[in-house]
Amino acid sequence: MGQFSELKLAVPWGHIAAKAWGSQQGPPVLCLHGWLDNANSFDRLIPLLSKDFHYVAMDFGGHGLSSHYSPGLPYYHQNFVSEVRRVAAALKWSRFSLIGHSFGGLVGGMFSCVFPEMVDKLILLDATPFFLDTNEIENLLTYKRRNTEHTLQVEASKKPSKVVSQEAMLQGFLKNNSHVGEECGALLLQRGTTQVATGLVLNRDRRIAKIEHCLDFVSKELFEHYIRKLQARVLLIKATQGYHDVRRENDANTEPMLFKIGMLRAVLKERFQFVEVTGNHYVHMNQPQLVASVINSFLQSKERIPAQL
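All of the points below concern the structure found in this document. This structure is a prediction, so every number in the text was calculated from the model and none was measured.

1. Observations regarding the overall build of the protein
Item 1. In terms of regular secondary structure, the protein is built from 9 helices and 10 strands.
Item 2. The C-alpha radius of gyration of the protein comes to 19 Å, within 12% of the 19 Å expected for a compact globule of 309 residues.
Item 3. The principal-axis extent of the C-alpha atoms belonging to the protein is close to 55 × 50 × 40 Å.
Item 4. Scored against the burial criterion, the 309 residues of the protein give a buried share of 55%.
Item 5. Across the protein, the fraction of contacts at a sequence separation of at least 24, relative to all contacts at a separation of at least 6, is 77%.

Okay, here's the thing in structure tokens:
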């Protein structure tokens, strides 16, 4: 199932780009990439998944081949959640499964709680449905401030996008993304850059900066309240060398992650499955065979939860 088709879905600010694999008659699965990545994040995983499903991997707004947001509009967590709803409407999907890697898991998690009747299965790849505010109380206002300041700074700067050689682009990318191997880095840049006369430029909107600047962090109380709304069955695949927190300096503190897994288990009971695999944050790209079989059996398992309106 290496063959895919390119989609362009109209939205008020332009289009959302996506890639589709498999028969449109199959049950639909929407794949959501991580922060600053793009739909190519799933190029190595989807060919290993069951041919019975219809997979669509979208580029979030301002990423990959999707349009940038209109001038003056900031990028916030909830905007990306709304994009998922727009894509579902464009594809005429009323109920589907979600696979989210990293930030895509946060978007998928929020979507599955806001629109619980639309999601039957939620698969989180080294991701959790929400980030807790436990380590962030002191920083929340600073993040909001920085998001606004960064947006204004980019708007004021009339500097054109930096043009760099293919090799320099790849090396820079790998330096900033230590978990991505060279082959996978090249794959992400293939969709994340555009060739110009003298080299490559990044496609992504420069208004998009640090992930924590745009996230909706939640308290432990809200976390529990939100996941009680889930109708989906949830599979959480944790990479042994993956990330535990939004900021690397907090990674050693596993308490928030353990709280979330414990709460998902307590609330969802048999609707929650937790699997640990050997690998890093990009295990689904670097070693897709390690996650493909567990995803397949989860997608193919029949105990579908009836929708409750």
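2. Overview of the layout of surface pockets
Item 1. The space that makes up the second largest pocket amounts to roughly 170 Å³.
Item 2. As for the second largest pocket, its lining consists of Tyr 76, His 77, Gln 78, Leu 140, Tyr 143, Lys 144, Glu 212, His 213, Cys 214, Leu 215, Asp 216 and Phe 217.
Item 3. At the level of elements, α1 (77-90) and α3 (140-156) are the ones that each hand at least two residues to the lining of the second largest pocket.
Item 4. Here the lining of the second largest pocket takes 3 residues from α3, the largest share from any one element.

3. Looking at the pairing of strand β6 (residues 119-125)
Item 1. Burial analysis of β6 places 7 of its 7 residues in the buried class, the great majority of the element.
Item 2. Summarising the sheet, strand β5 (residues 96-101) and β6 pair through 6 bridges and their orientation is parallel. When the bridges of β6 are listed, Ile 99 appears paired with Ile 123.
Item 3. Where β6 meets strand β9 (residues 233-241), 5 bridges bridge the pair, whose relative direction is parallel. For Ile 123, the partnering residue across the bridge sits in β9 and is Leu 235.

4. A closer look at the packing of aromatic side chains
Item 1. The full count for this structure, using the stated rule, is 18 aromatic pairs.
Item 2. Geometrically, the ring pair formed by Trp 35 and Phe 103 is edge-to-face, given 4.9 Å between the ring centres and 75° between the ring planes. With Trp 35 in the loop between β3 (28-32) and β4 (54-58) and Phe 103 in helix α2 (residues 103-114), the pair connects residues that are 68 residues apart, well separated along the chain. The same class applies to Trp 35 and to Phe 103, which are both buried.

5. A few points about helix α7 (residues 255-268)
Item 1. For α7, built from 14 residues, the straight-helix expectation of 20 Å at 1.5 Å per residue is met to within 8% by its first-to-last C-alpha distance of 20 Å.
Item 2. Among the residues making up α7, those that are buried are Pro 256, Met 257, Phe 259, Lys 260, Ile 261, Met 263, Leu 264, Val 267 and Leu 268.
Item 3. Of the surrounding secondary structure, the elements contacted by the buried residues of α7 are α6 (220-227), β9 and β10 (272-280).
Item 4. Positive phi shows up at Lys 269, right after α7, with a value of about 55°.

6. Observations concerning the pattern of salt bridges
Item 1. Throughout the structure, instances matching the rule amount to 9 salt bridges.
Item 2. In this structure, Glu 255 engages Lys 220 in a salt bridge whose closest nitrogen and oxygen atoms are separated by 3.0 Å. Of this pair, Glu 255 sits in helix α7 while Lys 220 is found in helix α6, placing the two residues 35 residues apart along the sequence.
Item 3. A network of salt bridges, in which partner residues are shared, links Glu 6, Asp 59 and Arg 191.

7. With respect to the pairing of β5
Item 1. Burial within β5 is extensive, with 6 of its 6 residues counted as buried.
Item 2. What you see with β5 is no split at all: Phe 96, Leu 98 and Gly 100 on one side and Ser 97, Ile 99 and His 101 on the other are buried throughout.
Item 3. The pairing of β3 with β5 spans 4 bridges and is classified as parallel. Bridged to Leu 30 within β5 is Leu 98.
Item 4. On the question of chirality, the crossover connecting β5 to the parallel β6 by way of α2 is right-handed.

The rules behind these values
Counting starts from 1 at the beginning of each chain's written sequence and moves along it residue by residue. Reporting of local features is limited, given that this is a predicted model, to residues whose pLDDT is at least 70; pairs of side-chain atoms are given and counted only at 80 or more, and all residues count toward the totals for whole chains, interfaces and linings. Heavy atoms throughout the structure, all of them, feed into the side-chain values; hydrogens and water do not. Here a helix means four or more residues in a row that DSSP labels H or I, a strand means two or more in a row labelled E, and each is numbered from the N terminus. Put simply, the radius of gyration uses C-alpha atoms, and a globule should come to 2.2 Å times the residue count raised to 0.38. A simple rule labels every residue: compare its accessible area, found with a 1.4 Å probe on the protein chains alone, to the largest value its type can have, and call it buried under 20%, exposed over 50%, or partly exposed in between. Whether two residues are in contact is decided by their heavy atoms: any pair within 4.5 Å suffices. A 1.4 Å probe that fits but cannot get out identifies a cavity on a 1 Å grid over protein atoms alone, an open set with protein on both sides within 12 Å along at least five of seven lines counts as a pocket, and a residue lines either if it has an atom within 4 Å of a point. Grid points are joined across faces, edges and corners, and a volume is the space filled by probe spheres set on the points. Two strands form a pair only when DSSP identifies at least two bridges running between them. Here a pair means two rings of Phe, Tyr or Trp (six-membered ring of Trp) with centres within 6.5 Å. Their orientation is stacked below 30 degrees between planes, edge-to-face above 60, and tilted elsewhere. Given the number of residues in a helix, its expected span is that number minus one, multiplied by 1.5 Å. Between Lys or Arg on one side and Asp or Glu on the other, a salt bridge is scored when a side-chain nitrogen of the former is within 4 Å of a carboxyl oxygen of the latter. Handedness of a crossover is defined as follows: orient the strands so they point away from the viewer, and if the path from the first strand over the helix to the second runs clockwise, the crossover is right-handed.

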